[in-house]
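# Coordinate inspection notes
Spelled out, the chains give:
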Amino acid sequence: MTWRTVKQLAEAKAPEELFTGQWQNRPSVLDDYKSYLDDRWNEGCTNAWKLWEEIVPLGYKGSYQGVRAYLHKKRTSPRPVVARPPSPRTVAGWILRRPETLPEPEQLLLKSVRTHCPEIDALTRHVRAFAVMLTERQGERLPDWLVAVRQDDLPSLHTLAAGIDRDRDAVIAGLTLPWSSGAVEGHVNRIKMIKRQMYGRAGFNLLRKRVLLAS
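Described in the following lines is the structure provided in the data block. Note that the structure is a prediction, hence the values are computed from the model and not measured.

### Side note on the overall build of the chain
The secondary structure content of the chain amounts to 12 helices and zero strands. Seen in sequence order, the chain has helices and strands lined up from the N terminus as α-α-α-α-α-α-α-α-α-α-α-α. Taken over the C-alpha trace, the chain has a radius of gyration of 34 Å; the compact-globule value for 215 residues is 17 Å, which it surpasses by more than 25%. Split into buried and exposed, the 215 residues of the chain put 19% on the buried side. Charged side chains in the chain number 34 positive and 24 negative. The centres of these two groups are separated by 11 Å.

Below, the structure written as structure tokens:
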């Protein structure tokens, strides 16, 4: 070992400084095709044989082993850790809840989802606008809400808007007036529950007695 080799080894600050052999940074026939391979890899094509067949018509003169070795480095290189996206059920829960009740981490996650998906952003705006009309009795805003919904590419909301439009006056009244059929619906559900408890083994007379006694 010569003194120059010893000096080089002694003064090296990192192992990479010693990689100066004749094979280091040597041009490869694959160099002109690496950008193409990288693009196809990012598109999801990771089959070395298929990619070799694709670059041969482009002028590649090298062997299949060269392509395979290059892709092997990509397979074994560390990959960045990517956070798991939230489920549709979770996102729906964020949208349907009152904004002020969402914890700050969930608000930030919903903001990120809305930023990356214009459809969910539009859906969130329409759902929250309808919730305000419902809770604050602002039925006069319903026509403008229907127009805004139809301007976005949201087929499910378009179906809802069409159903509302068929009975617009009644819906506006329901969103405006203080009266509600909730109490009546509650009694109907209670009667249905009592009826189902009998499993069809008794007639109307027994049902009538049970309803009256329960009241």
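On we go from here.
### A short note on the side chain of glutamate 54
You can see glutamate 54 is positioned in helix H3 (residues 48-55). Of the polar contacts made by the side chain of glutamate 54, one reaches the side chain of arginine 40; its length is 2.9 Å. Those residues within four positions of glutamate 54 in sequence are excluded, and the remaining contacts are Tyr36 and Arg40.

Reading the values: rules and limits
Residues numbered from 1 in each chain as written. Predicted model: local features only at pLDDT ≥ 70, side-chain atom pairs only at ≥ 80, totals over all residues. Heavy atoms only, no water. Helix = DSSP H or I, 4+ residues; strand = E, 2+ residues; numbered from the N terminus. Rg over C-alpha atoms; globule rule 2.2 N^0.38 Å. Buried < 20%, exposed > 50% of the residue type's maximum accessible area, 1.4 Å probe, protein only. Lys, Arg positive; Asp, Glu negative; His and termini not counted. Charge placed at Lys NZ, Arg CZ, Asp CG, Glu CD. Polar contact = N/O pair within 3.5 Å; in protein donor to acceptor, adjacent residues only side chain to side chain. Contact = heavy atoms within 4.5 Å.

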